[in-house]
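# Coordinates in review
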Amino acid sequence: MTQEVPDYTVISIIIVNWNTCQVTCDCLRSVYEQTEGIDFEVILVDNASTDDSVERTKQKFPQVILIENTENKGFAAANNKGMKIARGSYILLLNSDTVVLDEAIQKTLKFADQHPDAGIIGCRVLNPDGSLQPTCFMYPSILNMLLSTAYLYKIFPNSKFFGRERMTWWQRDDVREVEVVTGCFMLVRREAIEQVGMMDENYFMYGEETDWCWRFKQVGWKVMFTPQAQIIHLGGVSSSQVRPQMLLQLRAGILQFFYKHRPYSVYLTACLLTSLWFGIRIIPWLIKAVISKHNRQQCLKMAKTYFLGSFRALKGYKALEFKRS
């Protein structure tokens, strides 16, 4: 399945799986079908899945290097475990719920070879229906949180100001330097990792890629985006299994970034804004629960989640974190 070609150095593709057996198999199949002419290895890190992911992988893809974790310590920790044994000059972090299209990995590698100052590179991401899935965004800031809380980026998606955090005005159709690329597809240069270090395992899920991109920027590496390569990303297949917890965890990751990289006064302000973000969403979910005939319990569950989030955010990011035990 793999061939050595002098034009490219070896690449290690790391995929983290947690109870996503079928989509992980689809992802692996797309990798092997679309990635030809380069020397690569695939490392699958299973985060203590309870489905038949491990057995199916061993049966269908015996060439995959499989790491079986006995407990789920999160996305960053799993990727780090894969990176520790990776042989590649490049490391590709690839979500299990993605499908590689039209030699996307080779195209991204070629782009990396042409941009030696790029430490991290992201590609164009599509939804299953072929529409654009906006990836790449700005670092968390108080201004961005204010705009996000008011949903102004949705009201004015074409505005470079209101849509600044998620860059909603940009169609991801040109090459550019960005602040953060989404973790579903991150091509990382080994020499950059050796300088910056691996992912911060204090992040359980969400926020680790933002933290990593920030650290690369601080030492002079560029974070780049290329539209020349494309993948499909289903999105949230693992996290949807525990949606309320992951909603809290997402905000915890953002606050954790503030705590680590911003002044403490800014972190406290971010906690207040996060509490507000949760709080103003409680009443709409309660209204939905009243008028809904079929999803009342789910709406009430979401209202409860937003209430807990509003309360816990005042205590800081640790109060919002997903329970790891």
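Rules used throughout
- Residues numbered from 1 in each chain as written.
- Predicted model: local features only at pLDDT ≥ 70, side-chain atom pairs only at ≥ 80, totals over all residues.
- Heavy atoms only, no water.
- Phe/Tyr/Trp six-rings, centres within 6.5 Å; stacked < 30°, edge-to-face > 60°.
- Buried < 20%, exposed > 50% of the residue type's maximum accessible area, 1.4 Å probe, protein only.
- Helix = DSSP H or I, 4+ residues; strand = E, 2+ residues; numbered from the N terminus.
- Contact = heavy atoms within 4.5 Å.
- pLDDT = per-residue confidence, 0-100.
- Axes fitted to C-alpha atoms, helices over the stretch in contact; angles between N-to-C directions.
- Parallel < 35°, antiparallel > 145°, perpendicular 65-115°, else oblique.

### So, the packing of aromatic side chains
Counting across every chain of the model gives 18 aromatic pairs. Arranged with centres 5.6 Å apart and planes meeting at 45°, the rings of Tyr-32 and Phe-40 form a pair that is tilted. For Phe-40, a relative accessible area of 4% translates into the label buried. A ring pair is formed by Trp-285 and Tyr-306, whose centres lie 6.4 Å apart and whose planes are at 20°; its orientation type is stacked. With Trp-285 in helix H11 (residues 282-291) and Tyr-306 in helix H12 (residues 296-313), this residue pair connects regions lying 21 residues apart in the sequence. Tyr-306 shares its class with Trp-285; the two are buried. Every member of this aromatic cluster is reached through a ring pair, and the members are Tyr-259, Tyr-264, Tyr-267 and Tyr-317.

### What about helix H3 (residues 75-85)?
Burial analysis of H3 places eight of its 11 residues in the buried class, which makes it a mostly covered element. For H3, the full list of buried residues reads Phe-75, Ala-76, Ala-77, Ala-78, Asn-79, Asn-80, Gly-82 and Met-83. Where H3 is buried, its residues contact strand S1 (11-17), strand S2 (40-47), strand S3 (65-69), strand S4 (90-95), helix H7 (190-196) and helix H8 (208-218).

### Side note on unusual backbone geometry
Positive phi outside glycine occurs at Cys-136, with the angle close to 75°. Relative to the helices and strands, Cys-136 is located in the loop between strand S6 (118-126) and helix H5 (142-149). One non-glycine residue, Tyr-151, lies in the positive phi region at around 60°. Tracing the backbone through its elements, the reader meets Tyr-151 in the loop between H5 and helix H6 (152-155).

### Some points on the confidence of the model for the protein
Low-pLDDT portions of the prediction should not be read for the details of their coordinates. On average, the protein scores 91 in pLDDT, and the residues at 70 or more come to 94%. The low-confidence segment residues 1-8, where pLDDT is below 50, has 19 contacts with residues more than four positions distant or belonging to other chains. The low-confidence segment residues 238-242 (pLDDT under 50) makes 10 contacts with residues lying over four places distant or belonging to another chain.

### What about the packing of H5 against helix H10 (residues 264-279)?
Closest axis-to-axis distance for the H5/H10 pair is 10 Å, and the angle between their directions is 5°. By the angle between their axes, H5 is roughly parallel relative to H10. Residues Ile-142, Met-145, Leu-146, Ser-148 and Thr-149 of H5 form the contact with H10, whose participating residues are Val-266, Thr-269, Ala-270, Leu-273, Thr-274, Leu-276 and Trp-277.

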